[in-house]
Amino acid sequence: MTATGTAPDLERATLDKAAGENFPVAPFFLPRAWREDLMAVYGFARLVDDIGDGDLAPGGTDARLLGVPPAAAADRLVLLDAFEADLRRVFGGTPRHPLLRRLQPTVRRRALTPEPFLGLIAANRQDQLVTRYETYDDLLAYCELSANPVGRLVLAVTGTSTPERIRLSDAVCTALQIVEHLQDVAEDLGRDRIYLPAADMKRFHVQEADLAAKTASASVRALVAYEAQRARDLLNEGAPLVGSVHGRLKLLLAGFVAGGRAAIRAIAAAEYDVLPGPPRPGKVQLLREVGVILRGER
């Protein structure tokens, strides 16, 4: 795509990022209607994250589509405000951005509400204003905005939302967010963001400078292991979600939980040294975890 890419170019480029995600977005085994709606939701979530991370395609096309003047095209808060205004058009009007126009039929077909979408925007707005988290509870509150809406949208799209499933889904999604933060400590630090709670860093005698090293010290490894156990506990808490559904949705949700468990195993296999780069699980490990979950062994 060129720097002056067209709207269809931008839409395709954003949706193509699904292939590089940690967890399956809309795998082939799902019904086509589900896949289309999940990809529409993914397009929204990916674009709002790209705005928040400053990862939009060069050329300012997204800003122009959202009605942001060139002088403010690099202002992430202005872009997020414009994106929120365009989201509201999804629920009562005609959106400007092609990814939001793509989302509108899904919203109508699945009777989706604005709240989870607004939560994802709020999380990215918070990323511009808050770069450190004092306590684990503060981090959980952030995950309530940045991660949990995704699981709630999956349940809504598949017509399987219940209060208990939402509770379990929230535990899984928060765990997956924490795991991603652990994998991306170095990358996040490069964006001047630290998602390891400051209180935990103090407890394990970890300074911010320690996170900039090429390899992790014993203190950093102990801290990462501690946070990984928290994520593991949350995954175990949310795992009954898989057994509460049937058919192909069960396989999809098993993939989410398995992806988290496999990622934690990869972090452990790296002896909790996440600083050289994100430890990633192999496909064999992921499939093994899926099998364990589907057999209900743990």
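The structure under discussion appears in the preceding block.
Quick notes on the rules
Residues numbered from 1 in each chain as written. Predicted model: local features only at pLDDT ≥ 70, side-chain atom pairs only at ≥ 80, totals over all residues. Heavy atoms only, no water. Axes fitted to C-alpha atoms, helices over the stretch in contact; angles between N-to-C directions. Helix = DSSP H or I, 4+ residues; strand = E, 2+ residues; numbered from the N terminus. Parallel < 35°, antiparallel > 145°, perpendicular 65-115°, else oblique. Contact = heavy atoms within 4.5 Å. Nonpolar A, V, L, I, M, F, W, Y, C, P; charged D, E, K, R; others polar. Disulfide = S-S within 2.5 Å. Buried < 20%, exposed > 50% of the residue type's maximum accessible area, 1.4 Å probe, protein only. Salt bridge = Lys/Arg side-chain N within 4 Å of Asp/Glu carboxyl O. Core = buried A, V, L, I, M, F, W, Y, C linked by side-chain atoms within 4.5 Å. Expected span 1.5 Å × (residues − 1). Phe/Tyr/Trp six-rings, centres within 6.5 Å; stacked < 30°, edge-to-face > 60°. Lys NZ or Arg CZ within 6 Å of the ring centre and 35° of its normal. 1 Å grid on protein atoms, 1.4 Å probe; cavity = no way out; pocket = protein on both sides within 12 Å on 5 of 7 lines; lining within 4 Å. Points joined across faces, edges and corners; volume = space filled by probe spheres on them.

A. Geometry of the packing of helix α6 (residues 115-129) against helix α7 (residues 136-146). As a packed pair, α6 and α7 sit with axes 7 Å apart at the nearest point and diverge in direction by 130°. Comparing the axis directions of α6 and α7 gives the class oblique. Residues Gly-119, Leu-120, Ala-122, Ala-123, Gln-126 and Asp-127 of α6 form the contact with α7, whose participating residues are Tyr-142, Leu-145 and Ser-146. In terms of residue class, the contact of α6 with α7 is built from 5 nonpolar, 3 polar and 1 charged.

B. Focus on the state of the cysteines. According to the stated counting rule, one finds 0 disulfides in the structure shown. Free cysteine: Cys-143, not disulfide-bonded; nearest cysteine sulfur from Cys-173 at 9.8 Å. Take Cys-143: its relative accessible area is 0%, and that puts it in the buried class.

C. The packing of α7 against helix α9 (residues 163-183), seen in detail. With their axes 9 Å apart at the nearest point, α7 and α9 run at an angle of 110° to one another. Taken together, α7 and α9 sit at an angle that is classed as roughly perpendicular. Contacts between α7 and α9 involve Tyr-136, Leu-139, Leu-140, Tyr-142, Cys-143, Glu-144 and Ser-146 from the former and Asp-170, Thr-174, Gln-177, Ile-178 and His-181 from the latter. A class-by-class count of the residues in the contact of α7 with α9 yields 6 nonpolar, 4 polar and 2 charged.

D. The pattern of salt bridges, seen in detail. Following the criterion strictly, the structure yields 24 salt bridges and no others. Residue Asp-53 pairs with Arg-193 through a salt bridge whose shortest N-O separation is 2.8 Å. Taken as a pair, Asp-53 in helix α2 (residues 32-53) and Arg-193 in the loop between α10 (185-190) and α11 (198-203) lie far apart in primary sequence, 140 residues in all. A salt bridge links Arg-167 to Glu-164, with the nearest nitrogen and oxygen atoms 2.8 Å apart. You can see Arg-167 and its partner Glu-164 sitting in helix α9, 3 residues apart, about one turn around the helix. Since its relative accessible area comes to 42%, Glu-164 is described here as partly exposed. Via salt bridges that share partners, Asp-81, Glu-84, Arg-88 and Arg-125 belong to a single interconnected network.

E. Representation of the nonpolar core in the model. The biggest cluster of nonpolar side chains holds 84 residues, and the ones touching the most others in it are Phe-44, Phe-83 and Leu-103. For this core, the element with the highest residue contribution is α2, accounting for 11 residues. In contact with Leu-103, not counting residues within four places along its chain, are Ala-40, Val-41, Phe-44, Leu-87 and Phe-117.

F. Layout of helix α8 (residues 148-157). Along α8, 7 of the 10 residues are buried, which leaves the element largely enclosed by surrounding structure. Turning to α8, its buried residues number three or more, namely Asn-148, Pro-149, Gly-151, Leu-153, Val-154, Leu-155 and Val-157. Two residues or fewer after α8 comes Gly-159, characterised by a positive phi angle close to 65°.

G. Geometry of α2. If you check α2, its first and last C-alpha atoms are 31 Å apart, about what 22 residues at 1.5 Å a residue would give, namely 32 Å. Taken across its 22 residues, α2 has 17 buried, putting it largely inside the fold. Just past α2, the residue Gly-54 takes up positive phi, approximately 70°.

H. Structural context of the packing of aromatic side chains. This structure, assessed with the given rule, holds 8 aromatic pairs. Relative to Tyr-195, the ring of Tyr-133 lies with its centre 5.9 Å away and its plane at 20°, an arrangement referred to as stacked. On the criterion of sequence distance, the pair formed by Tyr-133 in the loop between α6 and α7 and Tyr-195 in the loop between α10 and α11 is long-range, its members being 62 residues apart. Here the two residues Tyr-133 and Tyr-195 agree in accessibility, since each one is buried. On the basis of relative accessible area, Tyr-195 is assigned to the buried category, the value being 7%. Among the aromatic residues, those joined into a cluster by ring pairs are Phe-44, Phe-83, Phe-91 and Phe-117. The ring of Tyr-226 is capped by Arg-203, whose NZ or CZ atom sits 4.7 Å from the centre of that ring. Over the ring of Tyr-136 we find Arg-230, and its NZ or CZ is 3.8 Å from the ring centre.

I. Main features of unusual backbone geometry. Located in the positive-phi region is His-205, a residue other than glycine, with phi close to 60°. A relative accessible area of 63% means that His-205 is categorised as exposed. Residues other than glycine seldom take positive phi values, yet Tyr-272 does so here, at roughly 65°.

J. Fine view of empty space enclosed by the protein. Following the criterion strictly, the structure yields 2 cavities of 30 Å³ or more and no others. Reported here for the largest cavity is a volume of approximately 60 Å³. Lining the largest cavity we find His-181, Val-185, Asp-188, Leu-189, Arg-193, Ile-194, Tyr-195, Leu-196 and Leu-211. Broken down by element, the lining of the largest cavity gets its largest block of residues, 3 residues, from α10. Its residues assigned to classes, the lining of the largest cavity comprises 6 nonpolar, 1 polar and 2 charged. Of the voids in this model, the second largest cavity is the one considered here, and its volume is about 40 Å³.

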